[in-house]
Amino acid sequence: MSGYARAAHALGAEVTGSDLTGSPYTERLAADGVLETIVGHAALNVPAGDGVEVVYSSAVPPENPELLVARERGIPARPRAELLSELTGMKRTIAVAGTHGKTTTASMLVHALRAAGLEPGWLVGAPVGGGLANAEWGAGDWLVVEADESDRSMLSLKVEVGVLTNVELDHHASFASLAELEAAFRVFLAHAERGVVVWDRPELLALERDRAAEIEVVPYDVADLKLEAGGSRFQWRGEEVRLAVPGAHNALNATAALEAARLAGADAALAIEGIAGFHGAGRRFQLLGATASGAIVYDDYAHHPTEVSATLAAARTLEHRRLVAAFQPHLYSRTTLLAREFGRALALADMVVVLDVYPARERAEDHPGVSGLEIAEAAADAAGGRQVYWLPTFADAEPVLRSVLVAGDVCLMMGAGDVDALGRSLVEP
């Protein structure tokens, strides 16, 4: 939502907004002169007068007081997907979709296009790195958008180039089966008017089989990958690419970004240079600092077992004494459905701390008996005797982590909630 606020402000709108709590996003919106976020939702937050419309996220319930007053006053109240559709209709849009890797791939693409002098705009779910915010309207023709499947808003986009990184069942409240999810991605790809970039897997390429003769379909994969401490090297269209972010999954993300940049007309050498200068998006293997004892703390948005596994594998490429994983589950529905898978993924660490569920838009009373303890028990079962802690709150976890982390340890805070705040508390003096 902060990205849409930035775009609307750049296009001349007077923008106001509210949220349940403040965050680094709201602080930066204020610092950049976009808006002063009102903390808390109330009817009085909706501006008086004419020419007002309310745009809301999928996390906002129908009984929200600002939506109620909008209905009472006859003010248009529109889901974010409608605004996003308008914005993507104003520029040539590259939309990056997939269950995993969207934010990083889109951020890499922004850096590639900027390095090539194309001055793109972007709407991405996290700061794209290099001191840049999560959104900018940009002076050029292209707009890079992270296409979200969780609320099907990806189906509202006007797309010239589509990117599909992978498809794995997630967001169980929106999709009852993998087949239903695949059908949604098939519709997303059908929106791409010029070309699609798809991970070279038969089941993914099959989603675009019907139009293969009408548009350019670009299968991609990593060639000659060499993992290094904190990065990698690989080949792309005869050129060597160097990455400053770790893990095989990031090399795959970079390949997708380079293919999309090529379809946008970016000079290959300049795009590669831009990718090489990418040091990570916000909350994607982000270095937070060191604890007083000398342990290094990273933060990552991983909130699905596949993402947890990939992040821990990437962390193994760093010099370390022990790899410590602190995980905050996201959503009760995801926790109870994937607890065993989360346990096996977390068991790749040398020590595991599991926190309680970050509920986001869900309510505990709708999921009785579900907690992070399910994942802690599954991790203990899979860990082969390695230490697993069930520490539900930050107040429980912080003193334990402070006591066990020592110089040479790498600690990964993982989850899509506010677990980064715990990580920051560990590295603050």
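The coordinates are above.
Residues numbered from 1 in each chain as written. Predicted model: local features only at pLDDT ≥ 70, side-chain atom pairs only at ≥ 80, totals over all residues. Heavy atoms only, no water.

Things to note about the overall build of the protein chain
Piece 1. Summing up its helical and strand segments, the protein chain has 14 helices and 20 strands in all.
Piece 2. Its C-alpha atoms give the protein chain a radius of gyration of 21 Å, within 12% of the compact-globule value 22 Å for 429 residues.
Piece 3. Across its three principal axes, the protein chain shows a C-alpha extent of roughly 60 × 60 × 45 Å.
Piece 4. Here the protein chain holds 429 residues, and 52% of them are scored as buried.
Piece 5. Long-range pairs, those at least 24 residues apart, make up 64% of the contacts in the protein chain with a sequence separation of at least 6.
Piece 6. Per element, the accessible surface of the protein chain, about 17,900 Å² overall, is 52% carbon and sulfur.
Piece 7. Of the side-chain charges in the protein chain, 35 are positive and 58 negative, and the distance between the mean point of each set is 3 Å. (Helix = DSSP H or I, 4+ residues; strand = E, 2+ residues; numbered from the N terminus. Rg over C-alpha atoms; globule rule 2.2 N^0.38 Å. Buried < 20%, exposed > 50% of the residue type's maximum accessible area, 1.4 Å probe, protein only. Contact = heavy atoms within 4.5 Å. Areas by Shrake-Rupley, 256 points an atom, 1.4 Å probe, with all protein chains shown as cover. Lys, Arg positive; Asp, Glu negative; His and termini not counted. Charge placed at Lys NZ, Arg CZ, Asp CG, Glu CD.)

Observations concerning the side chain of serine 425
Piece 1. By the element assignment, serine 425 lies in helix H14 (residues 419-427).
Piece 2. If near-sequence neighbours (up to four positions away) are discounted, serine 425 is found in contact with Glu398 and Arg402.

A word on the sheet that holds strand E8 (residues 142-146)
Within a sheet, each strand pairs with its neighbour through backbone hydrogen bonds, oriented either parallel or antiparallel.
Piece 1. Strand order in the open sheet formed by 7 strands is E7-E6-E8-E5-E9-E10-E11, and the pairing between neighbours is mixed. At either end of the open sheet lies a strand with only one pairing partner, and these are strand E7 (135-136) and strand E11 (216-220).
Piece 2. Those strands touched by helix H4 (residues 80-88) are strand E5 (92-97), strand E6 (121-123) and E8, and its axis lies near 155° from that of E8.
Piece 3. On the sheet, helix H6 (residues 178-190) packs against E5, strand E9 (159-164) and strand E10 (192-199) and is oriented at approximately 145° with respect to E9. (Pairing = 2+ DSSP bridges. Axes fitted to C-alpha atoms, helices over the stretch in contact; angles between N-to-C directions.)

Here's the deal with empty space enclosed by the protein
Piece 1. Tallied over the full model, the rule gives 1 cavity of 30 Å³ or more.
Piece 2. Quantified by volume, the largest cavity comes out at close to 40 Å³.
Piece 3. Lining the largest cavity, in full, are Asp170, His171, His172, Ala173, Leu331, Ser333, Arg334, Arg361 and Glu362.
Piece 4. When its residues are assigned to classes, the lining of the largest cavity shows 2 nonpolar, 3 polar and 4 charged. (1 Å grid on protein atoms, 1.4 Å probe; cavity = no way out; pocket = protein on both sides within 12 Å on 5 of 7 lines; lining within 4 Å. Points joined across faces, edges and corners; volume = space filled by probe spheres on them. Nonpolar A, V, L, I, M, F, W, Y, C, P; charged D, E, K, R; others polar.)

Considerations on unusual backbone geometry
Piece 1. Backbone geometry places arginine 237, a non-glycine residue, at a positive phi of 50°.
Piece 2. Here arginine 237 shows up in the loop between strand E13 (231-236) and strand E14 (239-243).
Piece 3. Look at arginine 237 and you get exposed, because its relative accessible area is 51%.
Piece 4. Phi at leucine 331 is positive, roughly 80°, even though this residue is not glycine.
Piece 5. Structurally, leucine 331 can be placed in the loop between strand E17 (323-327) and helix H11 (332-346).

Overview of the packing of aromatic side chains
Piece 1. A complete count under the given rule lists 2 aromatic pairs for this structure.
Piece 2. Ring centres of phenylalanine 285 and tyrosine 298 lie 4.7 Å apart, and the angle between their planes is 50°; this geometry places the pair in the tilted category. Note that phenylalanine 285 is positioned in the loop between helix H9 (268-276) and strand E15 (286-290) and tyrosine 298 in strand E16 (residues 296-300), a separation of 13 residues in sequence.
Piece 3. With a centroid separation of 5.0 Å and an interplanar angle of 35°, the aromatic rings of phenylalanine 327 and phenylalanine 342 are classed as tilted. Of this pair, phenylalanine 327 sits in strand E17 while phenylalanine 342 sits in helix H11, placing them 15 residues apart in sequence. The same class applies to phenylalanine 327 and to phenylalanine 342, which are both buried.
Piece 4. Lysine 91 extends its terminal NZ or CZ atom over the ring of tryptophan 137, reaching a point 5.1 Å from the ring centre.
Piece 5. The ring of tyrosine 301 carries arginine 284 above its face, with NZ or CZ at 4.1 Å from the centroid. (Phe/Tyr/Trp six-rings, centres within 6.5 Å; stacked < 30°, edge-to-face > 60°. Lys NZ or Arg CZ within 6 Å of the ring centre and 35° of its normal.)

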